[in-house]
Amino acid sequence: MKAEEITWLGFKRKNGSPGIRNRVLVIYTVKCSEFVARRIVELSGSPDVELIGFDGCTDNQYAVNMLISMIRHPNTGAVLSVGLGCEYIQPEWLSDIAEKEGKPNSWMFIQKEGGTNRTIEKGVSWVRETLAKLADTERVEMKLSDLVIGAECGGSDYTSGLAGNVVVGRFFDKLVELGGTAIFEEIVEAIGLGDLLEQRAANAEAAKEIKYTYEKALDYCKSVRQYSVSPGNFAGGLSTIEEKSMGAVIKSGTKKIEGVIKVSSPPKHPGLWLLDSTPDPYWMQFGITNPNDSEGLMDLISCGAHMVFLVTGRGNVVGSAVSPCIKITGNHATFERMSEDMEFDASPVLLGEKSIDETAEELMSYVSEIAGGKPSKSEAMGHKEFFIPYKYQEKEVAFIRACERKSD
Amino acid sequence: MLYRAFRINESDNVATALTEIPKGERCEIIGEGNLREMETVEDIPVGHKIALCDIKKDESILKYGVVIGRATADIASGSWIHLHVMCSNFDERSSHLDAVTGAPKDIRYE
């Protein structure tokens, strides 16, 4: 079947963008309510009920934006927020957001409900009723052009830049040609490629955003004398950050870059977008040049990605809450050794057994199956990792540093 | 052929070893470009780069068709290319890492 003819049934959402899953999110608003929220998820007995949350207690705009983006996410069908009762983040206001999105919602304070067991009991019964309601969610036909897909790489080895990321790049080219949306990240892994990225900008504004974002990352790496490479990368044969960068950026394919988006800010229209997840200047001391893979996946999902790719040569086991994660490797030995976790083998490209194009087509048909409801390997095993840290970031590319801005 | 290396762009002056390639062995070059065979002048570990031609000190190392760093010594065709003979144009620190293990040598452990 031709890619443009592939369809499946998604879940209709009030804000227009349909989902490929219909999850109930149980959100804890402070570390103190995590246990109760987690028990509600476990006792609900459904793989569609998932836990996310922020440890707090002090709030953080970045973290709140991320929670809101998960509530608005097309794969989210309903939301239960569980707070302790004295933290900064307000579960009631999270519920209000879900209400505006037309999603069933509720919230509780453990202090008010009367402790652990009473809150768990009430939560579980709300979740069960809600699951029954969600079974009636209106379905809508979806195509590949409706999808937003994000990609990042982690645990890279020499195969990532020669096979795994190359296949993802070709897949992104095809997705964009079909009218879909592709997001790639890791600007700290683009050092050495500033001009190359800028030349790929779709317009002058995008070029300005890319230049600023690249220079921000480069300034940071220079100031801490640390680039996003590790001893393991060097031992595996990568000799410089530029070499690693090109292997990483190749996953963006060859299409024009529409602009730079920040965490929790979905792309304004289809096409290829660069996600900048690094902290903004002045707050860079909180920044890290090497975020963990779950953080990267959450960043992509916060921008509305229905599905995320994790390209890994060395292998990884993580999945993700909210959106299915597909792990792709270009290392055949890794694929064999971790076969229960690795989902897509791009190594035939390296071995000369299959063309890049053929392999990208195979990935596309696999993506359609997962979009149509087949659980990814990590979903089937119950991997629902999430990570919401304290971070400082403006919502849009901020050409003026926060510390340089005149106070109002 | 027993040994193989992958050249990802035809303008590259390096290829990536897909197997360990011992010194003095011939290996097949797959991927882009016309060069189909190469003889190694030293052992090349898997995942590491092999020089596809003679490269002079300060010349650029090209992979993916882009500059990934520069030569810090004259490099003979068929040699192993890594931290001992090339460096980044950005990252100073990586030149001080151990060429085999990648371990940092610029931090003192007492």
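Residues numbered from 1 in each chain as written. Chains lettered and ligands numbered in written order. Predicted model: local features only at pLDDT ≥ 70, side-chain atom pairs only at ≥ 80, totals over all residues. Heavy atoms only, no water.

Undergrad: Residue-level account of the overall build of chain A, with values.
TA: Counting its secondary structure elements, chain A contains 14 helices and 13 strands. The C-alpha radius of gyration of chain A comes to 21 Å, within 12% of the 22 Å expected for a compact globule of 408 residues. Viewed in the frame of its principal axes, chain A has a C-alpha envelope of about 60 × 55 × 40 Å. Every one of the 408 residues in chain A was classed for burial, and the buried ones make up 62%. Residue pairs at least 24 apart in sequence account for 75% of intrachain contacts in chain A once pairs closer than 6 positions are excluded. When the accessible surface of chain A is summed, it comes to about 15,800 Å², and 51% of that surface belongs to carbon and sulfur atoms. (Helix = DSSP H or I, 4+ residues; strand = E, 2+ residues; numbered from the N terminus. Rg over C-alpha atoms; globule rule 2.2 N^0.38 Å. Buried < 20%, exposed > 50% of the residue type's maximum accessible area, 1.4 Å probe, protein only. Contact = heavy atoms within 4.5 Å. Areas by Shrake-Rupley, 256 points an atom, 1.4 Å probe, with all protein chains shown as cover.)

Undergrad: An account of the interface of chain A and chain B is requested, with residue identities and associated values reported.
TA: Across the boundary between the two partners, chain A contributes 31 residues, which contact 35 residues of chain B. Of the roughly 2,500 Å² buried at the junction of chain A and chain B (both faces included), carbon and sulfur atoms supply 61%. Counting the surface chain A buries against chain B, the share from its top three residues, Leu162, Arg225 and Glu242 of chain A, is 22%. If you look at where chain A meets chain B, you find two salt bridges. The closest approach of N and O atoms between Lys63 of chain B and Glu243 of chain A, which form a salt bridge, is 2.8 Å. Counting every contact that joins chain A to chain B gives 14 residue pairs in polar contact (both at pLDDT 80 or more). Listing elements by their share of the side of chain A that touches chain B, those giving two or more residues are helix 6 (160-177), helix 8 (204-224), helix 9 (231-235) and helix 10 (241-249) of chain A. (Buried area = accessible area lost by both parts, 1.4 Å probe. Salt bridge = Lys/Arg side-chain N within 4 Å of Asp/Glu carboxyl O. Polar contact = N/O pair within 3.5 Å; in protein donor to acceptor, adjacent residues only side chain to side chain.)

Undergrad: Account for a negative patch on the surface, with residues named and values stated.
TA: Taken together, Asp54, Asp58, Glu59 and Asp74 of chain B make up a surface patch of like negative charges. For Asp74 of chain B, the location among the structural elements is in the loop between strand 7 (66-71) and strand 8 (80-81). (Patch = residues over 30% accessible without salt bridge, like charges linked within 9 Å, V, L, I, M, F, W, Y side chains within 5 Å. Lys, Arg positive; Asp, Glu negative; His and termini not counted. Charge placed at Lys NZ, Arg CZ, Asp CG, Glu CD.)

Undergrad: Describe in detail helix 6 of chain A, supporting the description with residues and values.
TA: Residue and element names in this part refer to chain A. Counted at 1.5 Å a residue, the expected span for helix 6 with its 18 residues is 26 Å, and the 24 Å between its end C-alpha atoms agrees. The largest bend in helix 6 is about 35°, located at Val166. Counting buried residues in helix 6 gives 16 out of 18 residues, a clear majority hidden from the surface. Looking one or two places after helix 6, you find Gly179, whose phi comes out positive at around 100°. (Expected span 1.5 Å × (residues − 1). Bend = angle between axes of the 7 residues up to and from the residue.)

Undergrad: Could you give an account of the domain arrangement of chain A, with specific residues and numbers?
TA: Residue and element names in this part refer to chain A. Domain boundaries in chain A define domain 1 (23-136) and domain 2 (144-381). The partner domain 2 presents 15 residues to the 14 residues of domain 1 that form the contact. Buried area between domain 1 and domain 2, both sides added, is near 1,100 Å², and the carbon and sulfur share of it is 60%. Scanning the region where domain 1 abuts domain 2 turns up one salt bridge. The residue Glu379 makes a salt bridge to Arg23 at a minimum N-O spacing of 2.5 Å. (Domains from an automatic or database assignment.)

Undergrad: Help me get a handle on empty space enclosed by the protein, residues and values and all.
TA: Rolled over the atoms, a probe as big as a water molecule pinpoints where empty space is left. Residue and element names in this part refer to chain A. Following the criterion strictly, the structure yields three cavities of 30 Å³ or more and no others. Put simply, the largest cavity is a space of about 70 Å³. Around the largest cavity, the lining comprises 15 residues; the ones closest to its centre are Ser160, Gly161, Lys244, Gly247 and Ala248. For the lining of the largest cavity, the secondary-structure elements that each account for two or more residues are helix 6 and helix 10. Its residues assigned to classes, the lining of the largest cavity comprises five nonpolar, five polar and five charged. (1 Å grid on protein atoms, 1.4 Å probe; cavity = no way out; pocket = protein on both sides within 12 Å on 5 of 7 lines; lining within 4 Å. Points joined across faces, edges and corners; volume = space filled by probe spheres on them. Nonpolar A, V, L, I, M, F, W, Y, C, P; charged D, E, K, R; others polar.)

Undergrad: How would you sum up the nonpolar core? Please name residues and give values.
TA: Residue and element names in this part refer to chain A. In this structure, Phe172, Phe309 and Val367 are the most contacted members of the largest nonpolar core, which totals 96 residues. Here this core takes nine residues from helix 6, the largest share from any one element. Setting aside residues no more than four positions away along its own chain, Val367 makes contact with Leu144, Leu147, Ile149, Phe171, Met307, Phe309 and Ile326. Val26, Ile52, Leu84 and Val318 belong to the second-largest nonpolar core, a separate cluster that totals 58 residues. (Core = buried A, V, L, I, M, F, W, Y, C linked by side-chain atoms within 4.5 Å.)

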